[in-house]
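Coordinates in review
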Amino acid sequence: MIPHLRPALVLLALFTLLTGLAYPLAITGLAQAAFPSAANGSPVTVEGRVVGSALVGQAFAAERYFHGRPSATMGPDPNDPSASVASPYNGASSAGSNLGPSSAALADEVRTRVAALGGGPVPADLATASASGLDPDVSPGAALFQVARVAKARGLDEALVRGLVTRHIMARTFGLLGELRVNVLALNLALDGLDH
C-alpha cells in the first residue's frame, strides 16, 4: 500500500507548491510589474486621500451627482443573519440578481427604476442592474440622460455639464474591445472640481 501512496503524496505536495504558491506568486509579480495600478485596485486619490477605485462602482444618490448603474448586490440582514437584504455596491458580495428576462420581480424592479427616472424611454443601463453589481461606468447615453438633473441641482448651465460628460467619454479598449463609456467616479470628481 505504501508504494502506491507515496507517489500520490509526492504529486500532491508538488502540485500544491506549484499551483498554490509558485503560480500565484508569479502572476502577482507579473501584474505588479506590468500593471501596478490595476493590480492594486486602481485607487483614485484626491489630495492624497483615496476616494474610490476606477474599477469599482460607488453609490451616488444625491441629485447633484451622476448616478451609476443600479446595483443588485446583497448583504446579511442585521436583524436576521440567515437572511439577505439589498446592499448596493457591496464589494464583499459582487453578484447580479440572477433574475431572468421572464421574471416578474425583474420587470417590477425595472418599472420602478424607470418611474423614478421620470418615466418614458430611459437608457437600459439606468434601469437594469449590472452582472457584477459594481460597474464603475455608464454608457454615454446614460450620463447625458442625467445632465439636466445634475445641472439643475448644482445651478449650472446644462451645456457646461454636457461638455464635461463629453470630455469624459472613454473609447473602446485598444479601439475595439467593449463599448464607449463614462467612469462615474471620475465624472463626479470633475464635477466637484467645477465648484472650486
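Remember, predicted model here, so these are calculated numbers, not experimental data. (Residues numbered from 1 in each chain as written. Predicted model: local features only at pLDDT ≥ 70, side-chain atom pairs only at ≥ 80, totals over all residues. Heavy atoms only, no water.)

Let's shift gears to the domain arrangement of the chain. Interface size is commonly expressed as the accessible surface area that is lost when the partners come together. You can read the domains of the chain as domain 1 (2-39), domain 2 (42-68 + 135-196) and domain 3 (72-134). The C-alpha centroid of domain 2 is placed 40 Å from the C-alpha centroid of domain 1. (Domains from an automatic or database assignment.)

Turning our eyes to something else, we now look at the nonpolar core. Counting 18 residues, the largest nonpolar core has F66, V138, A143, V161, V165 and L187 as the members making the most contacts within it. Every element with two or more residues in this core is listed here: α5 (140-145), α6 (147-154), α7 (158-167) and α8 (184-194). A total of 4 residues in this core trace back to one element, the largest contributor, which is α8. Not counting the four nearest positions on each side in its chain, V161 is found in contact with F66, V147, V150, A151 and L156. (Core = buried A, V, L, I, M, F, W, Y, C linked by side-chain atoms within 4.5 Å. Buried < 20%, exposed > 50% of the residue type's maximum accessible area, 1.4 Å probe, protein only. Helix = DSSP H or I, 4+ residues; strand = E, 2+ residues; numbered from the N terminus. Contact = heavy atoms within 4.5 Å.)

With that settled, consider the side chain of N183. Counting through the fold element by element, N183 comes out in strand β7 (residues 181-183). Separated by 3.3 Å, the side chains of N183 and D137 make a polar contact. If we ignore the near neighbours within four places in the chain, the residues touching N183 are A54, P136, D137, H168 and M170. (Polar contact = N/O pair within 3.5 Å; in protein donor to acceptor, adjacent residues only side chain to side chain.)

The next point concerns unusual backbone geometry. Among all residues except glycine, the phi angle is most often negative; among peptide bonds, the trans geometry is most common. With a phi close to 55 degrees, E47 is a non-glycine residue in the positive phi region. Within the secondary structure, E47 is located in the loop between β1 (43-46) and β2 (49-53). You can call E47 exposed: its relative accessible area is 82%. Positive phi, normally seen in glycine, also occurs at F174, with a value near 55 degrees. Residue F174 is classed as exposed on the basis of its relative accessible area of 73%.

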